Amino acid sequence: MNAPMISIRALAKTFTLHTQGGTRIRAFDGVDLDVAAGECVALHGPSGAGKSSLLRSIYANYRPSSGRVVVRHNGGSVDMTAAEPRAILDVRRKTLGYVSQFLRVIPRVSTLDLVAERLTAMGVEAGEAVARACGLLARLNIPERLWPLAPATFSGGEQQRVNIARGFVRDYPILLLDEPTASLDGENRRTVVNMILEAKGRGAAIVGIFHDDEVREAVADRCLHLTRPEEA
Amino acid sequence: MDQELLRVSGLTRYYGSRVGCRDVSFSLWPGEVLAIVGESGSGKSTLLSLLSGRLAPTAGDVSYRDRDGRWLSLPNLSEADRRRLQRTDLGVVHQNPRDGLRMRVSAGGNIGERLMALGHRHYGRLRGTGLDWMERVELDPQRIDDHPSAFSGGMQQRLQIARNLVTEPRLVFMDEPTSGLDVSVQARLLDLLRHLVASLGLAVVLVTHDLAVARILAHRMMVMRGGEVVETGLADQVLDDPCHPYTQLLVSSILQA
Amino acid sequence: MTAETMQGYNYAYLDEQTKAMIRRAILKAVAIPGHQVPFGSREMPLPYGWGTGGIQITASIIGPLDVLKVIDQGSDDTTNAVSIRSFFARTAGVKTTTATEEATVIQTRHRIPEAPLTDGQIIVYQVPIPEPLRFMEPSESETRTMHALEEYGVMHVKLYEDIAEHGRIAKSYDYPVRVQSRYVMAPSPIPKFDNPKMHDSPALQLFGAGREKRIYAIPPHTRVESLDFEDHPFEIQKWDEACAICGARDSFLDEILTDDRGGRMFVCSDSDHCARRVREDC
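Nothing here was measured: the structure is a model prediction, and the numbers come from that model.

Participant: What is the right way to look at the pattern of salt bridges in this model?
Facilitator: When the charged atoms of two side chains with opposite charge come close together, those side chains can pair. Residues and elements named next belong to chain B. What the rule picks out here adds up to 55 salt bridges over all chains. A salt bridge links Glu113 to Arg163, with the shortest nitrogen-to-oxygen separation between them at 3.0 Å. Pair noted here: Glu113 is in helix α4 (residues 107-117) and Arg163 is in helix α6 (residues 153-165), with a separation of 50 residues, a long-range link. Here Glu113 matches Arg163 in class, with each residue buried.

As C-alpha cells, then:
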C-alpha cells in the first residue's frame with residue numbers, strides 16, 4: 001500500500017484575538033486524517049466546527065497551533081506546518097490545488113489569464129495554456145465574452161466557476177475544495193461533480209467541504225466529522 | 001535557483017541612540033518577492049536603504065550572491081564595486097519618480113543610461129532597446145524623446161521601472177512604488193509589475209504600507225514595528241492568519257471595499 | 001627686463017608663494033592627465049570670465065626669456081588678447097608675439113592655433129566651466145566620486161540626447177574628451193574642430209579655471225579621444241566655403257556679416273595663420 005497523499009496528525013488551531021482583549025478561539029483540535037490517492041474525504045459538521053479552517057491549515061494558509069500536515073510532494077514528503085515559505089509555495093505550485101469559497105480578484109487581470117497562469121507558472125507554453133484554459137471555461141459555461149474581462153464584476157456563480165477552473169486546469173495530485181458548488185445551478189453543479197470524479201479517477205487525493213448532500217454523496221468516499229470544540 | 005540571492009543577518013542601524021532598525025535577518029531567493037510592511041517610522045525605509053547598500057549598517061551584514069556565485073558583503077565592498085553592483089545587478093524604484101529619473105533627459109536617455117554606463121556605444125541599438133522597453137512598460141514608443149516632466153505620475157513610475165530593468169538586474173528594491181498614484185493607475189502598475197517580476201524571474205524587496213499591494217505582489221511578508229520585525233511568513237498567511245497583536249491591528253484596519 | 005617693466009609689482013604680478021602653489025598644482029595636474037586639481041585662485045585685476053585662470057597659470061610659468069602669444073577666438077588683436085599681452089609685457093617684461101611658431105607660451109581663449117604646436121611650447125587655456133559632468137550632475141562631491149570611479153555613462157547620455165533631438169551630435173564647442181583612456185575632460189569652449197589637435201600634441205597643454213579654482217593638464221604626447229558612438233563617430237566641422245582672405249580650405253572659419261542685407265563672408269578664425277598665408281602667397 002502506498003503512503004497516503006495527505007497525512008494529518010493531532011492538528012489543532014487556536015486563534016488569539018489580540019484586538020479583542022486576547023480572546024482565544026479554538027477552531028479545531030486533535031484532527032487525524034490520512035487521504036490516499038484517488039480518494040475523496042468530505043469534511044462534515046456544523047457551522048463553526050472549523051471545516052474551512054482545517055482546509056486552510058492543510059494549504060498552510062493558516063498556521064496551525066500544533067500537530068502536522070505531511071503531504072507527498074515531488075516523490076518525497078513535506079510537513080506544511082514546518083516547511084520554509086518557498087517550500088510551501090513549491091508544494092502549492094505543483095502538488096496542492098485549492099479552490100477557495102471566494103475568488104480573489106486581481107485588478108486588470110483577465111479571466112483567461114487568471115486560469116492560464118496556473119499552467120504558465122509550471123512552464124506550460126503560453127499557447128497551450130490558453131487553449132486548455134479556454135476549454136475549461138467553456139465546459140464551465142463561462143460566456144466567451146467574459147474571458148477577456150477581470151472577473152470583478154461577475155456574479156457569484158461566475159466567480160466561483162472561474163475559481164474552479166483555476167483549481168482544475170492543472171492535474172493537481174491533491175485538491176482542497178471549499179464548497180465548490182455552493183452557488184451553482186443544477187447543470188453547472190453536475191459539471192463540477194463530473195470534474196471531481198474525473199480528478200479522483202486520475203488519482204487525485206481530495207479533501208472537500210460539500211454543503212449539498214447530493215454532491216457529497218456523489219463524490220465522497222467517506223466523511224470526517226468535526227464538532228465544534230469547547231470554548232478555550 | 002536553489003541558492004539564496006541575498007542573506008541578511010543581524011542587520012542593525014542606529015541613528016545616534018535612536019533605533020532605525022534592529023537585528024533583522026532573512027534570506028531571499030531568486031524570483032521571490034518579499035514585502036516589508038509597517039507604518040511610517042517602523043524602520044522599513046531604513047531597512048531598504050541598508051539592503052540596497054545606500055546606508056551603512058551599525059552592525060550585521062547583507063551579502064549578495066553575484067552572477068558568478070561569489071558572496072559579496074555589501075557593507076564591506078569598496079565603493080567602486082558597490083556602485084557597479086548597484087548599476088548592474090540591483091535596481092531601486094523610488095517612491096517619488098523624481099528621485100529615480102533624470103527629469104531633464106528624454107525617456108530614451110533615461111532608459112539607456114545604465115547601458116551606456118556599462119559601455120554600450122551604439123546609438124541605434126540603444127534606441128532600439130529604449131523603444132522595446134517603452135513598449136514593455138506600456139508607454140507609447142512615439143514618446144521616447146519626451147522628457148519625464150511631460151509624463152503623468154503613473155507613466156513616470158513605469159519609466160523608472162524600465163530604467164532599472166534595462167540591465168536585467170536580479171534584485172530590485174521598491175519603495176512604495178504605487179503610493180501617490182490614482183487607484184486605477186495603481187492597478188495598471190501592479191499588473192505590470194506582476195508580469196515583469198514573473199517573466200524576468202526578478203527577486204524584489206518591496207516596502208509598502210498598503211497591504212493590498214503586498215497581497216498581490218508578494219510571496220512573503222515581513223511586518224515591522226519600532227525598527228524590529230514582529231512577524232514573518234507567506235503573504236497570505238500573515239494577512240489571513242495574523243498572529244502578532246500589531247499585525248492583527250494592521251490587518252483589521254484595512255478598509256473593505 | 002625691459003625699460004617698460006612696471007615698478008612696484010612682483011615679477012609677473014603674482015607673489016612668489018602663490019606662484020609656487022600654482023606650480024605645485026600644475027605638477028600634480030601633469031602627473032594625472034585630465035584630472036582637475038583644486039588651487040587657491042587669487043583675485044586678479046580683471047573680472048572672472050576674462051581669463052583669470054589662464055593668467056594665473058601663465059604668471060606662474062612665464063620666465064624672462066619666454067615669448068608670449070595671446071589669442072582670443074583665434075585672433076591676436078581683440079581687446080582681451082591685447083590687454084593680457086601688454087599685462088605680461090609690463091609685469092614680467094617678456095617679449096610678445098603674434099606668430100605661433102615664435103611663441104614659447106600661448107595663452108588662448110577658445111581656439112588652438114592652426115599651425116601645429118611644437119616640442120617645448122606650452123599652451124594655456126582659459127576655462128569657464130572645468131567640470132564636464134556638471135550639466136548632468138549638480139553635486140560636486142558626486143562628480144568627484146564619478147571621476148574617481150570612472151563612472152562616465154552620463155556623458156554618453158548627453159550625446160544620446162543630442163542625436164535624439166538633432167539626428168546628430170550637435171555639440172560643437174567644449175566637446176568632451178577622454179584623456180589617456182582615463183579622465184573625461186572638458187577641453188574649454190574650443191570648437192570641436194580643434195579637438196584632434198590636442199591628441200598626441202608635442203606641446204604641454206595647461207587648463208586654468210579661475211572662478212572654479214581648478215587646474216588640469218595634458219602632458220605632451222598624450223592620447224586624447226573625443227567621445228562618440230560607434231554609429232555616430234566624432235567628426236569635425238567642415239565648410240563648403242574657403243577663407244575669403246587667404247583661400248584656406250582646411251582652417252576653422254568664422255562667418256562675418258558684411259551688411260544688413262544678408263551679405264556674409266567666411267574668414268579664418270586664426271588671424272596669424274591667415275596673415276601668414278597671405279604673406280607667403282605674395
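Having seen the structure, we can now continue with the description.
Participant: Whenever I open this one, the packing of aromatic side chains confuses me. Can you help?
Facilitator: The relation between two aromatic rings is expressed through the spacing of the ring centres and the mutual angle of the planes. Tallying each qualifying case throughout the model produces 13 aromatic pairs over all chains. Residues Phe15 of chain A and Tyr62 of chain A carry aromatic rings whose centres are separated by 5.3 Å and whose planes lie at 90° to one another, so their mutual orientation is edge-to-face. Residue Phe15 of chain A is located in strand β1 (residues 6-17), and its partner Tyr62 of chain A is located in the loop between α1 (51-58) and β4 (66-73); the two are separated by 47 residues in the primary sequence. There is no split in this pair, since Phe15 of chain A and Tyr62 of chain A are both buried. With centroids separated by 6.1 Å and ring planes inclined at 70°, the aromatic side chains of Tyr123 of chain B and Phe229 of chain C adopt a geometry described as edge-to-face. On the criterion of chain membership, the pair formed by Tyr123 of chain B in helix α5 (residues 123-136) and Phe229 of chain C in the loop between β10 (224-226) and β11 (253-257) is interchain, its members lying in two chains.

Participant: Where do I start with the environment of Gly67 of chain A in this structure?
Facilitator: Residue and element names in this part refer to chain A. Mapped onto the elements, Gly67 comes out in strand β4. According to the relative accessible area criterion, Gly67 is partly exposed, its value standing at 33%. Considered as a pair, Gly67 and Asp79 are 12 residues apart in the sequence and their alpha carbons are 9.9 Å apart. Residues in contact with Gly67, not counting those within four places in the same chain, are Arg9, Ala10, Leu11 and Thr81.

Participant: Got a minute to help me understand the domain arrangement of chain A in this structure?
Facilitator: How big an interface is tends to be stated in terms of the accessible area lost upon association of its parts. Residue and element names in this part refer to chain A. Domain annotation of chain A identifies domain 1 (1-95 + 172-232) and domain 2 (102-171). For domain 1 and domain 2, the distance between their C-alpha centroids amounts to 23 Å. At the junction of the two partners, domain 1 supplies 23 residues and domain 2 supplies 17 residues. Summed over both sides, the interface of domain 1 with domain 2 buries roughly 1600 Å², with 55% coming from carbon and sulfur. When the buried area of domain 1 at its contact with domain 2 is split by residue, Tyr172, Asn188 and Met195 rank highest and sum to 39% of it. On inspection of domain 1 and its partner domain 2, the count reaches two salt bridges. The salt bridge involving Arg202 is made with Asp171; its shortest N-O contact spans 3.4 Å. Residue assignment for the side of domain 1 that touches domain 2 shows that the elements contributing at least two residues are α2 (85-94), β7 (174-178) and α6 (186-201). Here the element with the most residues in the side of domain 1 that touches domain 2 is α6; it accounts for nine residues. Here the side of domain 1 that touches domain 2 is built from residues that sort into 11 nonpolar, six polar and six charged.

Participant: What is the right way to read the sheet that holds strand β8 (residues 204-209) of chain C from this model?
Facilitator: Within a sheet, each strand pairs with its neighbour through backbone hydrogen bonds, oriented either parallel or antiparallel. Residue and element names in this part refer to chain C. Spatially, seven strands are ordered β1-β9-β8-β5-β4-β2-β3 in an open sheet, and the strand pairing comes out mixed. Looking at the sheet topology across the chains shown, the edges are occupied by β1 (37-38) and β3 (95-96). As paired strands, β8 and strand β9 (residues 214-218) are joined by five bridges and run antiparallel to one another. By the bridge assignment, Phe207 is partnered in β9 with Tyr216.

Participant: In this structure, what is going on with the pairing of strand β2 (residues 23-35) of chain A? I would like to understand it.
Facilitator: Walk down a regular strand and you will see the side chains alternate between the two sheet faces. All names here are of chain A. Bridge analysis of β1 against β2 gives nine bridges, and the strand direction is antiparallel. Paired with Ser7 across the two strands is Asp34, which belongs to β2. Count of turn residues in the β1/β2 antiparallel hairpin: five residues, of which Gly21 carries a positive phi of about 65°.

Participant: I'm lost on α4 of chain B in this one. Help?
Facilitator: Residue pairs three or four apart in sequence face the same way in an α-helix, which turns once every 3.6 residues. In terms of burial, α4 of chain B is a largely internal element, 10 of the 11 residues being buried. All of the buried residues in α4 of chain B are Ala107, Gly108, Gly109, Asn110, Ile111, Gly112, Glu113, Arg114, Leu115 and Met116 of chain B. For α4 of chain B, the secondary structure elements touched by its buried residues are α2 (79-88), β6 (90-93), α5 and α6 of chain B together with α5 (153-166) of chain C. Phi turns positive, to about 105°, at Gly119 of chain B, one or two residues after α4 of chain B.

Participant: Is there a simple way to explain the packing of helix α1 (residues 16-31) of chain C against helix α2 (residues 52-61) of chain C in this structure?
Facilitator: When two helices pack together, their arrangement is given by the angle between their axes and by how far apart the axes lie. Residues and elements named next belong to chain C. One can describe the packing of α1 onto α2 by two numbers: an axis separation of 9 Å at closest approach and a directional angle of 100°. Between α1 and α2, the interaxial angle falls into the category roughly perpendicular. Here Lys19, Ile22, Arg23 and Ile26 of α1 lie close against α2, whose contacting residues are Gln56, Ile57, Ala59, Ser60 and Ile61. Considered class by class, the residues forming the contact of α1 with α2 number five nonpolar, two polar and two charged.

Participant: Got a minute to help me understand the interface of chain A and chain B in this structure?
Facilitator: The interface is formed by 22 residues belonging to chain A together with 29 residues belonging to chain B. Carbon and sulfur atoms make up 50% of the area that chain A and chain B hide from each other, which totals about 2100 Å². The interface formed by chain A and chain B contains seven salt bridges. A salt bridge links Glu117 of chain A to Arg194 of chain B, with the shortest nitrogen-to-oxygen separation between them at 2.9 Å. Linking chain A with chain B are 14 residue pairs in polar contact (both at pLDDT 80 or more), by the criterion used here. Secondary-structure elements contributing two or more residues to the side of chain A that touches chain B are β1 and α2 of chain A. Residue contributions to the side of chain A that touches chain B peak at five residues, all from α2 of chain A.

Participant: Would you mind going over the interface of chain B and chain C with me for this structure?
Facilitator: Taken residue by residue, the interface counts 23 residues in chain B and 20 residues in chain C. Taken together, the two surfaces of chain B and chain C that pack against each other cover about 1800 Å², and 57% of this comes from carbon and sulfur. Looking only at chain B, the three residues that lose the most surface to chain C are Arg83, Arg121 and Tyr123 of chain B, adding up to 39% of its buried area. Where chain B touches chain C, the interface holds four salt bridges. The partner of Glu230 of chain C in a salt bridge is Arg125 of chain B, with the nearest N and O atoms 3.4 Å apart.

Participant: Please explain the side chain of Ser7 of chain A as it appears in this structure.
Facilitator: Residue and element names in this part refer to chain A. As for its position among the elements, Ser7 is in strand β1. Judged by relative accessible area, Ser7 falls into the buried class, the value being 16%. Polar side-chain contacts of Ser7 include one of 3.0 Å to the side chain of Asp34. With near-sequence residues (within four places) excluded, Ser7 lies in contact with Leu33, Asp34, Arg68, Val69 and Val70.

Participant: Could you clarify how one ought to interpret the sheet that holds β1 of chain A in this entry?
Facilitator: Residue and element names in this part refer to chain A. The strand order across the open sheet built from four strands is β2-β1-β4-β5, with neighbouring strands paired in antiparallel fashion. Among the strands making up the open sheet, the edge pair consists of β2 and β5 (76-79). Geometrically, the sheet is characterised by an average inter-axis angle of 25° between neighbouring strands, direction not taken into account. Alignment of β4 against β5, held across four bridges, turns out to be antiparallel.

Participant: What am I meant to see in the environment of Met198 of chain C here?
Facilitator: Residues and elements named next belong to chain C. Structurally, the position occupied by Met198 is in helix α6 (residues 195-198). Owing to a relative accessible area of 0%, Met198 belongs among the buried residues under this scheme. With residues near it in sequence (within four places) discarded, Met198 still touches Ile112, Tyr125, Val177, Met185, Pro187, Ile190, Gln205, Phe207, Ile218, Thr222 and Val224.

Reading guide: rules and limits
Residues numbered from 1 in each chain as written. Chains lettered and ligands numbered in written order. Predicted model: local features only at pLDDT ≥ 70, side-chain atom pairs only at ≥ 80, totals over all residues. Heavy atoms only, no water. Salt bridge = Lys/Arg side-chain N within 4 Å of Asp/Glu carboxyl O. Helix = DSSP H or I, 4+ residues; strand = E, 2+ residues; numbered from the N terminus. Buried < 20%, exposed > 50% of the residue type's maximum accessible area, 1.4 Å probe, protein only. Phe/Tyr/Trp six-rings, centres within 6.5 Å; stacked < 30°, edge-to-face > 60°. Contact = heavy atoms within 4.5 Å. Domains from an automatic or database assignment. Buried area = accessible area lost by both parts, 1.4 Å probe. Nonpolar A, V, L, I, M, F, W, Y, C, P; charged D, E, K, R; others polar. Pairing = 2+ DSSP bridges. Axes fitted to C-alpha atoms, helices over the stretch in contact; angles between N-to-C directions. Parallel < 35°, antiparallel > 145°, perpendicular 65-115°, else oblique. Polar contact = N/O pair within 3.5 Å; in protein donor to acceptor, adjacent residues only side chain to side chain.

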